[in-house]
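Here are the chains, one letter per residue:
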Amino acid sequence: MWLHYIYVYVVCLLLIILQCASTADDQVSPWRWTCDDGKCVKTEHDPRSKESALCLEACKMFCNDNGLLWPKPTGQVELGNFLSKVNINSIRVEMDRRGKSDDLLDIAGKRFQKMVNLNIPSGITPKASGKSVTVYLVNENPDIREFSLTMDESYSIRVGAVSSDKINATITGKTFFGIRHGLETLSQLILFDDIRNHLVMVRDVVITDKPVYPYRGVLLDTARNYFNIDSIKRTLDAMSLVKLNTFHWHITDSQSFPFVSKRRPNLSKYGAYSPAKIYTSEMIADVVQYGLERGIRVMPEFDAPAHVGEGWQGTGLTVCFKEEPWASICVEPPCGQLNPVKEELYDALKDIYSDMADIFNPDIFHMGGDEVSEKCWNTSQEIQQFMIQNRWDLDKKSFLKLWNYFQTKAQDRAYQAFGKRLPLILWTSTLTDYTHIDNFLNKDDYIIQVWTTGADPQIKGLLEKGYRLIMSNYDALYFDCGYGAWVGTGNNWCSPYIGWQKVYDNSPKQMAEKYSDQILGGEAALWSEQSDSSTLDSRLWPRAAAMAERLWAEPDTNWASAEKRMLHVRERLVRMGIQTESLEPEWCYQNEGYCY
């Protein structure tokens, strides 16, 4: 009987061994890639061959000057000629100096290790052998942890083998922000080799890098539709992958007021879609900290004096809210504007600004100023009487004086609330028209965010007068364009859909020409009339990644030169759990040069 048990045991053992061998074989790719005239060509791999074989990502890394790096570095890039096997269990991060940003660097180091692990396909266990990797972080100003438009985001990377079983990588930066970017780049130099079932790392690396523009953002409108905190954090994760550094939070509008103001709690009580669809101070503080850890400022916008309505019921501080027919007064329902002749309005503004200062603690603040309608103000007898008393007419020119009256008082309340003269941002509008803007807005106080087309004469006119600009021209950077109309039939107002290629080729430098030093950067905008948490990822990504490289590097080449790397950064976003839009069949990713 015991011989029978031994026989059964041996058979079972052999089956297990065969199954493991089969599984291991199944995990190994039968393909190899070789670089041929800038393209990776697929051929069958003979495992008995002693010739070195490259997996697809390794081939892509060495088949062009910028490897798989996104955004492309702006300085020196040397990627060597070798890959080293590394032990996934022997990667550690060490800091060189100690200061106020230590906690941020600690978190960035842990995120780096998480990003490395994401290179490994789900269900695959790589071989736990190879060289150890030590990443040294050298922060030359470890006490800096605050955002500014002049902060230094530069970094350098050096990678080399120091012994037969050890690789050192040193990232040097002037601040935490630069080192964080360096870690992001370093994570892209570690690949999974599906021929050898191993993690591999590019060796003999030298990279120096810094962004061209200091402001690289994404706007999310959370008032037309509500976005949950998880979806916002997911957006911040994706932004950090491509080195975007500003999350512009358009948090209120005429449709809803989800921002919970401690000083004015009735605004969200009556203005939120429901008690569950609000942003409390605790929720916002969590997002602000999450962004800081990823090198992203979270900047609030309180849009005024237009785009207000829900939540202001009973205050007596608005005019033309829900006025009908709406199309004769405003651009979308519901209409609504603040009443600038109400002195108590400015106490309310100071309270809202103070609440935002307490939670966001921003280095710059967006005051909106979008789509103000003189027709709306002209429906109010109280406003008409105020203008007559000031010997103003009831024409467009005089309503600009009223708007300037509002903006001057609101600007003063903002400075009081924030406790400093921080830079202020306004959208392009009739108030910011270059023919008269200097009569109303000081170029040293205000940054103008351009939402009209990239060919708008306003761009050159504003630059000639010395104003600093942020580019969000709708013909390339409005990501809500190209869907069905939500009022009436047909397509929405800014159709057609904007492909990543147009986003990539949207060059602020070309628009600004000799005034390019006055361009602070750019921002992709997602207005949410037709988007919410469930569609957020695919609306933004990977198109925002295309903008990210343009703003980081301002390359002198077009989208076609970036297409191979663009397909790869899209794959990286998917590995992170971002539900990105698909650009091409995966066949194109594996067969370079055929999909054109």
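Residues numbered from 1 in each chain as written. Predicted model: local features only at pLDDT ≥ 70, side-chain atom pairs only at ≥ 80, totals over all residues. Heavy atoms only, no water.

(A) Summary view of unusual backbone geometry. Cis geometry marks the peptide bond from Ala304 to Pro305, where omega comes out at 10 degrees. Within the secondary structure layout, Pro305 lies in the loop between strand 13 (297–304) and strand 14 (318–319). Positive phi, normally seen in glycine, also occurs at His307, with a value near 60 degrees. Note on placement: His307 falls in the loop between strand 13 and strand 14. (Helix = DSSP H or I, 4+ residues; strand = E, 2+ residues; numbered from the N terminus.)

(B) Structural context of the sheet that holds strand 12 (residues 246–250). With parallel pairing, the eight strands of this closed barrel are ordered in space as 11-12-13-16-17-18-19-20. Across the sheet, the axes of successive neighbouring strands diverge by a mean angle of 30 degrees, strand direction being ignored. Where strand 16 (residues 365–368) lies against strand 17 (residues 424–427), two bridges are found, and the strand directions are parallel. Of the residues in strand 17, the one forming a bridge with His366 is Ile425. (Pairing = 2+ DSSP bridges. Axes fitted to C-alpha atoms, helices over the stretch in contact; angles between N-to-C directions.)

(C) Structural context of the state of the cysteines. All told, the structure shown has six disulfides when counted by the stated rule. Note that Cys320 is cross-linked by a disulfide to Cys376, the S-S spacing being 1.9 Å. One disulfide, between Cys320 and Cys376, carries an S-S torsion of -90 degrees and so falls in the left-handed class. Taken together, the residues Cys320 in the loop between strand 14 and strand 15 (337–338) and Cys376 in helix 9 (residues 374–377) connect sequence positions 56 residues apart. In this pair, the class of Cys320 matches that of Cys376, namely buried. (Disulfide = S-S within 2.5 Å. Buried < 20%, exposed > 50% of the residue type's maximum accessible area, 1.4 Å probe, protein only.)

(D) Broad picture of the UniProt feature "domain: Glycoside hydrolase family 20 catalytic" (unreviewed entry) in the protein. The feature "domain: Glycoside hydrolase family 20 catalytic" (unreviewed entry), as annotated in UniProt, sits at residues 213–554 in this numbering. Helix and strand shares over residues 213–554 are 36% and 14% respectively, and the end C-alpha atoms of the span are 8 Å apart. (UniProt positions renumbered as here; feature names shortened; annotations may be inferred.)

(E) Quick peek at the nonpolar core. Of all hydrophobic cores here, the largest spans 121 residues; its most connected members are Trp249, Phe302, Trp312, Tyr353, Phe360 and Trp541. When residues no more than four places from it in sequence are discounted, the contact partners of Phe302 are Thr252, Phe257, Trp312, Leu349, Ile352, Tyr353, Met356, Phe365, His366, Met367 and Gly368. (Core = buried A, V, L, I, M, F, W, Y, C linked by side-chain atoms within 4.5 Å. Contact = heavy atoms within 4.5 Å.)

(F) Structural view of the sheet that holds strand 3 (residues 77–78). In space, the eight strands of this open sheet follow the order 3-10-6-7-5-4-9-8, with mixed pairing throughout. The open sheet is flanked by strand 3 and strand 8 (190–193), the only strands paired with a single partner. Here four bridges tie strand 4 (residues 83–95) to strand 9 (residues 198–202), and the two strands are oriented antiparallel to one another. Within the sheet, the bridge partner assigned to Leu83 lies in strand 9 and is Val202. The sheet strands contacting helix 3 (residues 102–117) are strand 4, strand 5 (131–139), strand 8 and strand 9, and the helix crosses strand 4 at an angle near 165 degrees.

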